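# An overview of the molecular structure
Below are the chains, spelled out letter by letter.
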Amino acid sequence: DAGVIQSPRHEVTEMGQEVTLRCKPISGHDYLFWYRQTMMRGLELLIYFNNNVPIDDSGMPEDRFSAKMPNASFSTLKIQPSEPRDSAVYFCASTLKPGLGYTFGSGTRLTVV
Amino acid sequence: AQTVTQSQPEMSVQEAETVTLSCTYDTSENNYYLFWYKQPPSRQMILVIRQEAYKQQNATENRFSVNFQKAAKSFSLKISDSQLGDTAMYFCAFILQGAQKLVFGQGTRLTINP
């Protein structure tokens, strides 16, 4: 298995632009998680899905952030409009059972200028 | 709410030495799982080791082992014969049995010096 695949690896965008981050989980994994990592706040869970259904989005910072999972093999995290404080590394992770631990993607480093 | 605390923001040791990273957690539940993740400069989060709380035996993966003290709510990671490739951020994490969300500590930055 190729693991959890995220794209792009790096994204630089201007303030106000729309940004879309993509994730392909491991086949057969029923859970998908989106995390944000910054120096100040560490790893923050933004949202997670179970069987393509959003279960908990309490970590989504504000309405500018949205996430979808249209099918079992694809998820997106969208920021519209982007702001400099959104600059961070965004991780996607998946798992068959949370008690087994998560498998993370390689992350997307987002820079908003 | 469950919390995970890593009290050592940074550590540095010489290659081939043994190093221990500390982690404590807080929960009133009895059944849960604990993890150590490694994040090297490549930023990939890699699962190093997993411990089931109901197992008294400490988990081991090659040079990596844990000291799980359930009563003390302590879960330290020992790296033996450290190598330059062990240089990374190390995160301790916790999840209750039946829950979905991992709780992470703030991490320990470990540097292995040649």
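These numbers were taken from a predicted model, which means no experiment stands behind them. (Residues numbered from 1 in each chain as written. Chains lettered and ligands numbered in written order. Predicted model: local features only at pLDDT ≥ 70, side-chain atom pairs only at ≥ 80, totals over all residues. Heavy atoms only, no water.)

### Looking at the side chain of A:His29
All names here are of chain A.
- On the secondary structure map, His29 appears in the loop between strand S3 (19-24) and strand S4 (31-38).
- Exposure remark for His29: the relative accessible area of 18% places this residue in the buried category.
- Side-chain polar atoms of His29 contact the side chain of Ser94, separated by 2.8 Å.
- A polar contact of 3.2 Å, which involves the side chain of His29, links it to the backbone nitrogen of Thr95.
- Sequence-distant contacts of His29, defined by excluding residues within four places in its chain, comprise Ser94, Thr95, Leu96 and Thr103. (Helix = DSSP H or I, 4+ residues; strand = E, 2+ residues; numbered from the N terminus. Buried < 20%, exposed > 50% of the residue type's maximum accessible area, 1.4 Å probe, protein only. Polar contact = N/O pair within 3.5 Å; in protein donor to acceptor, adjacent residues only side chain to side chain. Contact = heavy atoms within 4.5 Å.)

### Let's talk about the interface of chain A and chain B
- Every contact between the two is made by 26 residues of chain A and, on the other side, 18 residues of chain B.
- Taking both sides of the interface into account, the surface hidden between chain A and chain B amounts to around 1700 Å²; carbon and sulfur atoms contribute 51%.
- Our enumeration of links across chain A and chain B arrives at one salt bridge.
- When the shortest N-O distance is used, the salt bridge between A:Asp56 and B:Lys101 registers 2.7 Å.
- Inspection of the region where chain A meets chain B yields 13 residue pairs in polar contact (both at pLDDT 80 or more).
- Secondary-structure elements contributing two or more residues to the side of chain A that touches chain B are S4, strand S5 (42-50), strand S9 (88-95) and strand S11 (108-112) of chain A.
- Looking at the side of chain A that touches chain B residue by residue, the class counts come to twelve nonpolar, ten polar and four charged. (Buried area = accessible area lost by both parts, 1.4 Å probe. Salt bridge = Lys/Arg side-chain N within 4 Å of Asp/Glu carboxyl O. Nonpolar A, V, L, I, M, F, W, Y, C, P; charged D, E, K, R; others polar.)

### Considering the pairing of S4(A)
All names here are of chain A.
- In terms of burial, S4 is a largely internal element, seven of the eight residues being buried.
- Bridge analysis of S4 against S5 gives eight bridges, and the strand direction is antiparallel. Across the sheet, residue Trp34 finds its bridge partner in S5, namely Ile47.
- As consecutive antiparallel partners, S4 and S5 are separated by three residues.
- Where S4 and S9 come together, seven bridges link them in antiparallel fashion. The residue bridging Tyr35 from the neighbouring strand is Phe91, located in S9. (Pairing = 2+ DSSP bridges.)

### Some details on the nonpolar core
- B:Tyr25, B:Tyr32, B:Trp36, B:Phe75, B:Leu77 and B:Tyr90 are the most contacted members of the largest nonpolar core, which totals 26 residues.
- Elements supplying a minimum of two residues to this core: strand S3 (19-21), strand S5 (32-39), strand S6 (46-52), strand S8 (64-69), strand S9 (74-79), strand S10 (88-96) and strand S12 (108-113) of chain B.
- Here this core gets five residues from one element, more than from any other, and that element is S10(B).
- Grouped together as the second largest cluster of nonpolar side chains are 21 residues, A:Met60, A:Ala67, A:Ile79 and A:Cys92 included. (Core = buried A, V, L, I, M, F, W, Y, C linked by side-chain atoms within 4.5 Å.)

### As for unusual backbone geometry
Residue and element names in this part refer to chain A.
- In this chain, Ser7 is followed by Pro8 through a cis amide linkage whose omega measures -10 degrees.
- Among the secondary structure elements, Pro8 is positioned in the loop between strand S1 (5-7) and strand S2 (10-13).
- Across the junction of Gln80 and Pro81, the peptide omega takes the value -10 degrees, indicating a cis bond.
- Along the chain, Pro81 falls in the loop between strand S8 (74-79) and S9.
- You will see that Asn51, though not glycine, has its phi angle at about 50 degrees, which is positive.
- Exposure remark for Asn51: the relative accessible area of 48% places this residue in the partly exposed category.

### Some details on the state of the cysteines
- Summed over the entire model, instances satisfying the criterion amount to two disulfides over all chains.
- Between the sulfur atoms of A:Cys23 and its disulfide mate A:Cys92 the distance is 1.9 Å. On the S-S bond that ties A:Cys23 to A:Cys92, the torsion sits near -65 degrees, and the link is left-handed. Of this pair, A:Cys23 sits in strand S3 while A:Cys92 sits in strand S9, placing them 69 residues apart in sequence.
- Overall, the relative accessible area of 1% leaves A:Cys23 in the buried class.
- Its relative accessible area of 0% is what places A:Cys92 among the buried residues.
- Here B:Cys23 connects covalently by a disulfide to B:Cys92, the sulfurs 2.0 Å from one another. Measuring handedness by torsion sign, the sulfur bridge of B:Cys23 and B:Cys92 sits at about -70 degrees and is left-handed. In this pair, B:Cys23 sits in the loop between S3 and strand S4 (24-26) while B:Cys92 sits in strand S10, placing the two residues 69 residues apart along the sequence. (Disulfide = S-S within 2.5 Å.)

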